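# Summary of structural features
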Amino acid sequence: MEPRTYKFNESTLTVKFGNILESQSEVIVSSDDCYVSMGGGVSRAILKEGGLCIKSDAQKMVPVPLGDVIVTTAGSLEHQKYVYHCITIDKKRRMQILTRKVTEEDVLNYLLQHTVDKCFQLMQAMDMTSIAFPAIGAGSARIPIRKVIEQMSIAIARNLANTNKSLNVELYLYDIYNLYSESDYITLFESLAAKAALVEYKQGLI
């Protein structure tokens, strides 16, 4: 599929299909367990391409709480300055949260939106203007892709709608196992298009 670009104020969000390592963004995002083992999916690919110094840097901060994001060097990655590691796997902590009478859906909604929000907060603090996201948690964390698409689109659109900065955001979808249907992608496109149109409409009222 061809990339699709959406406008939010002065910022753009581009949905791309392929390898996130092809991105030229300043920041590349990965998702991992609380010990940042970088053993699968996007994190493993980043480790292979960027070198062991990325993992060594991360190990100084483990264990990392579920839903948190840590920043490491980008190692020998060609274009990136930093890697943001989103923590989506911590079975013990997840079970503790679920005993507090919240649902699995509540946990996933919080996890996905909070990690995206934290990435944008870090970008602002570090004066970064471009970032590339994978489908956070859709791999080893086994979060359903429709849930990932739904919650990430909400969080990304909200953050872009609330900034006057010119940010370039990429969302990479890379279905190496052919797990996603065309309807999954259509859900994403329609959701983002609706959110972008709403931002444009509100801007026109000002």
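Our subject is the structure that appears above.
Description of the structure in this document. Just so it is clear, the structure is predicted and the values come from calculations on it, not from any experiment.

## So, the sheet that holds strand β1 (residues 4-8)
Read from one edge of the open sheet, 7 strands run β1-β2-β7-β6-β3-β5-β4, paired in mixed fashion. On the outer flanks of this sheet lie β1 and β4 (69-73), each paired with one strand and no other. Strand-to-strand twist in this sheet, taken as the mean axis angle between neighbours without regard to direction, amounts to 25 degrees. Examined bridge by bridge, strand β6 (residues 130-133) and strand β7 (residues 168-173) share 4 bridges and lie parallel to one another. In the sheet register, Ala132 faces β7, and the bridge partner there is Glu170.

## Quick word on the nonpolar core
In terms of nonpolar packing, the biggest core is built from 39 residues, with Tyr84, Phe120, Ile131, Phe133 and Ile156 touching the most fellow members. Only β1, β2 (11-17), β3 (27-33), β5 (82-89), α4 (104-126), β6, α5 (145-161) and β7 provide two or more residues apiece to this core. If sequence neighbours within four positions are ignored, Phe133 has contacts with Ile20, Val29, Val116, Cys119, Phe120, Met152, Ile156, Val169, Glu170, Leu171 and Tyr172. By size, the runner-up hydrophobic cluster in this structure holds 17 residues, among which are Met38, Ile46, Ile54 and Ile70.

What counts as what
- Residues numbered from 1 in each chain as written.
- Predicted model: local features only at pLDDT ≥ 70, side-chain atom pairs only at ≥ 80, totals over all residues.
- Heavy atoms only, no water.
- Pairing = 2+ DSSP bridges.
- Helix = DSSP H or I, 4+ residues; strand = E, 2+ residues; numbered from the N terminus.
- Axes fitted to C-alpha atoms, helices over the stretch in contact; angles between N-to-C directions.
- Core = buried A, V, L, I, M, F, W, Y, C linked by side-chain atoms within 4.5 Å.
- Buried < 20%, exposed > 50% of the residue type's maximum accessible area, 1.4 Å probe, protein only.
- Contact = heavy atoms within 4.5 Å.

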